[in-house]
Amino acid sequence: MDTGFSISLLDIRPIVPEITMVCAGLILLLLDLVVRKKEVVAFVGIVGAIVALYGTFKLYGLSEPQIAFSNMFILDGYANFFKLIFYLNVIMTIGISVKYMKVEKASYGEYYALLLFSTTGMMIMASAGDLIVLYLGLELMALSTYILAGLLRGQTRSNEAALKYFFLGAFSSAFLLYGIALTYGITGTTNISDIAVSLLTLDIVGNPVTMLGIIFIIVAFGFKIALIPFHMWAPDVYEGAPTSVTAFMSVGPKAAGFAVLGRVLFDAFGVMQVQWVSILIPLAVLTMAGGSIIALAQTNIKRMLAYSSIAHAGYMLLGIIAGTSIGLTSTVNYLMIYLFMNMGAFAIVIMMRREGFQGENIEDYMGLAKDHPLASALMLVFMFSLAGIPPTAGFIGKFYVFMAAIHEGYTYLAIIAVVFSAVSAFFYLRIVVYMYMKDPKESVTLTTSPSLSIVLAVTAMMVLILGIFPSILLNLVRYSILG
Amino acid sequence: MFFAYFAGMLTVLSVLVVTRRNPVHSVLWMLVLFVHIAGLYLFLNAEFMAAIQIIVYAGAILVLFLFVIMLLDLKKDESVRKFQNQWFLGLVIGLIFMVVLVSTASKITVIPPLGEYSVDAIKSEGSMMTIGKILYTEYLLPFEIASLLLLVAIIGAVVLAKRRIE
């Protein structure tokens, strides 16, 4: 029997960036055996990511969306922009982790390889044209992150983080598979564009099976982007994992989750927008409220940032709820801005860590401005941005998401979001108050390294530049998504 | 009838696997469970899947399970109670979940168009041939990603187990 299918070398072209990332990961594994200095391994990792970034950039100019491997893989502006987020995420994570992993006595070469593999998983998710590819990409991303979370084997809380993340992650994968199975059962296909066609031709838009399929898929990605009530793992895992890994996974998997959510809901279930919006609205409200309110009570800064990232996921969801390409643009824009401000905040948290001192309590920041004015000023910028105070980029991100929601008639959602945004300002600004208006309990020495300083400079600059000239980023996002 | 037997047995066996106090018993029940899953595949005309299920799961993975149990000394853990008092809550949630699924499953009214691999098409070629062909053409990309997944799993096992705790 002829399958009527052939693979040509042209199919390889769209996945060159992914192949580059995998090769870079494999090179790192081998390099780790011969090179003693882990800085070299880290540097090669960054080079690998940059080469892949260049590949994506080369493919970026191609105007038509590329489809490869019999519709399994889509390369369009949307996927490319998300890949840009993933590259920046992994490059900056490597930048902030070189010194930190040494302090934690966990300076392994495999660490960098796993970061690259995890990023490859995210890239596959963003480009997935088929639910099966999407699932495999998700597992590749998640499996690498489970291992990274448990890398500090000597620490109980790191082990706990890895185990918790693994069990709940496996649980959410089961939900995803259930959702995929139900969708496949009713539509007869796992291909994202074919699902959209089947929904109309078979007239199953209101069918309970389709509904349940969507619900399961949303639940599964709710776990990954930590929406309340699927957020239970986030605080413990964010606290227990090595801080650099926390920074990595508070941006990467979240962005990948949103990439997939946007792709599946808009492209596959676009005709069922009324239904999935009604599922997402209560989730968004709960997430914004819960994330902001519980964060008030935290004393550990990593836990606080965990709840803050939960709340931010709620704001980002508003763009998806708006259900228009403008809404999607605003969410993607927000994700890019969140990458910079969150990475910057974690870079400061990492600087506080030195041998024999965790530096994770909020009280450790008391009077930091006296000894370290520059670090405090940067932290101030990041906290202002996370709280959404102009002229920082965080304000711009929130502004466009809220505008998109209001534009589609969800004014009450935007009002709720603004209220909880104001609540969240309290715990962000508390750090600022501690740094500038309290006396230091003990003098703190910061652990710095050149790569960390570069990351800090870049993130702070981007937060300010994008805050003052938002059109730079917004035009890029619009060009990518709308064409 | 066949399906009812297999489905019922699978449920009973799964419960047995998680409730046995002795881990070796659990693993042996799991063996029976895997054989039943293989039976279900046979019932669906997928004899290759059934064979693979027996060889890979019952043959290889369960032996590994038994090895691990032998290597770890679990005598102490056997005396510890496995479940906290939340089993009732779990049961209620599970039952609600079942009701939702059953009531939804009964709503399957439309039959999606059948793909090109009908039972007859597979029979004329053999299921092994068909699977092999699809796996290396249409599903080449997922197949390769799965290999990457296994690589990451191996790296993870080495990274987490090899290093000495300082």
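Owing to the predicted nature of the structure, the values given are computational and were not obtained by experimental measurement.

Thresholds, definitions, all that
- Residues numbered from 1 in each chain as written.
- Chains lettered and ligands numbered in written order.
- Predicted model: local features only at pLDDT ≥ 70, side-chain atom pairs only at ≥ 80, totals over all residues.
- Heavy atoms only, no water.
- Helix = DSSP H or I, 4+ residues; strand = E, 2+ residues; numbered from the N terminus.
- Rg over C-alpha atoms; globule rule 2.2 N^0.38 Å.
- Expected span 1.5 Å × (residues − 1).
- Buried < 20%, exposed > 50% of the residue type's maximum accessible area, 1.4 Å probe, protein only.
- Polar contact = N/O pair within 3.5 Å; in protein donor to acceptor, adjacent residues only side chain to side chain.
- Salt bridge = Lys/Arg side-chain N within 4 Å of Asp/Glu carboxyl O.
- Arc of directions from axis to C-beta.
- Domains from an automatic or database assignment.
- Buried area = accessible area lost by both parts, 1.4 Å probe.
- Nonpolar A, V, L, I, M, F, W, Y, C, P; charged D, E, K, R; others polar.
- Axes fitted to C-alpha atoms, helices over the stretch in contact; angles between N-to-C directions.
- Parallel < 35°, antiparallel > 145°, perpendicular 65-115°, else oblique.
- Contact = heavy atoms within 4.5 Å.
- 1 Å grid on protein atoms, 1.4 Å probe; cavity = no way out; pocket = protein on both sides within 12 Å on 5 of 7 lines; lining within 4 Å.
- Points joined across faces, edges and corners; volume = space filled by probe spheres on them.
- pLDDT = per-residue confidence, 0-100.

1. Some remarks on the overall build of chain B
And then number 1: Looking only at helices and strands, chain B has eight helices and zero strands in total.
And then number 2: Listing every helix and strand of chain B by position from the N terminus yields α-α-α-α-α-α-α-α.
And then number 3: Relative to the globule expectation of 15 Å for 166 residues, the C-alpha radius of gyration of chain B, 21 Å, shows a markedly less compact shape.
And then number 4: The C-alpha extent of chain B, read off along each of the three principal axes, is 55 × 40 × 25 Å.

2. Remarks on helix α5 (residues 131–149) of chain A
All names here are of chain A.
And then number 1: Compared with the 27 Å implied by 1.5 Å per residue over 19 residues, the 26 Å span of α5 between its first and last C-alpha is a close match.
And then number 2: Taking burial as the measure, the 19 residues of α5 include 18 buried ones, the bulk of the element.
And then number 3: Sitting at the amino-terminal end of α5 is Asp-130, which places a side-chain oxygen 2.9 Å from the backbone nitrogen of Ile-132.

3. Looking at the pattern of salt bridges
Residues and elements named next belong to chain A.
And then number 1: Tallied over the full model, the rule gives 14 salt bridges over all chains.
And then number 2: The residue Arg-303 makes a salt bridge to Asp-236 at a minimum N-O spacing of 3.0 Å. On the criterion of sequence distance, the pair formed by Arg-303 in helix α12 (residues 301–322) and Asp-236 in helix α9 (residues 233–240) is long-range, its members being 67 residues apart.
And then number 3: Bridged by salt links that share partners, the residues Arg-157, Glu-160, Lys-164, Asp-236, Glu-239, Lys-302, Arg-303 and Glu-360 form one connected network.

4. Some details on helix α7 (residues 192–201) of chain A
Residue and element names in this part refer to chain A.
And then number 1: Along α7, the residues classified as buried are Ile-192, Ile-195, Ser-198 and Leu-199. Seen from one end, α7 has its buried residues packed into an arc of 105°, which puts them on one side. Away from the buried face of α7 by more than 90 degrees, exposed residues Leu-200 and Thr-201 are located.
And then number 2: Of the residues flanking the end of α7, it is Asp-203, one or two places downstream, whose phi is positive at about 55°.

5. Comments concerning the domain arrangement of chain B
Interface size is commonly expressed as the accessible area that is lost once the parts come together.
Residue and element names in this part refer to chain B.
And then number 1: As assigned here, chain B comprises domain 1 (1–79) and domain 2 (118–166).
And then number 2: Of note, the centres of domain 1 and domain 2, computed from C-alpha atoms alone, are 21 Å apart.
And then number 3: Across the interface of domain 1 and domain 2, roughly 390 Å² is buried in total on both sides, 70% from carbon and sulfur atoms.
And then number 4: Sorting the residues of domain 1 by area buried against domain 2 places Asn-45, Glu-47 and Phe-48 first, and these three jointly supply 90% of that buried surface.
And then number 5: On inspection of domain 1 and its partner domain 2, the count reaches zero salt bridges.
And then number 6: Taken together, domain 1 and domain 2 are joined by zero residue pairs in polar contact (both at pLDDT 80 or more).
And then number 7: Grouping the constituent residues of the side of domain 1 that touches domain 2 by class yields two nonpolar, one polar and one charged.

6. Focus on the packing of α5(A) against helix α10 (residues 243–268) of chain A
Residues and elements named next belong to chain A.
And then number 1: Look at α5 against α10: their axes get within 11 Å of each other, and the N-to-C directions meet at 170°. The pairing of α5 with α10 is recorded here as roughly antiparallel in orientation. Each of Leu-131, Leu-134, Met-141, Thr-145, Leu-148 and Ala-149 in α5 lies in contact with α10, whose residues at this interface are Val-245, Phe-248, Met-249, Pro-253, Ala-256, Val-260 and Val-264.
And then number 2: Considered class by class, the residues forming the contact of α5 with α10 number twelve nonpolar, one polar and no charged.

7. Section: empty space enclosed by the protein
Residue and element names in this part refer to chain A.
And then number 1: In this structure the tally under the stated criterion is two cavities of 30 Å³ or more.
And then number 2: Empty space within the largest cavity amounts to approximately 50 Å³.
And then number 3: When residues in the lining of the largest cavity are grouped by element, the largest group, four residues, is from helix α3 (residues 77–103).
And then number 4: Taken together, Phe-357, Glu-363, Asp-364, Lys-441, Glu-442 and Val-444 form the lining of the second largest cavity.
And then number 5: A breakdown of the residues in the lining of the second largest cavity according to their chemical character gives two nonpolar, no polar and four charged.

8. Things to note about the layout of surface pockets
And then number 1: Computed from the structure, the second largest pocket encloses a volume of approximately 1,000 Å³.
And then number 2: In terms of lining residues, the second largest pocket is bounded by 25 residues, among which Phe171(A), Gly90(B), Ile93(B), Gly94(B) and Phe97(B) are the most central.
And then number 3: Sorting the residues of the lining of the second largest pocket by element identifies α6 (156–187) and α8 (208–224) of chain A together with α1 (2–19) and α5 (87–105) of chain B as the ones contributing at least two each.
And then number 4: Take the lining of the second largest pocket: its biggest share by element is ten residues, from α5(B).

9. Quick word on the confidence of the model for chain A
And then number 1: Summing up the model confidence of chain A, the mean pLDDT is 89 and the portion of residues at 70 or higher is 97%.
And then number 2: Within chain A, α5(A) carries the highest mean pLDDT (94), whereas strand β1 (residues 66–68) of chain A carries the lowest (81).

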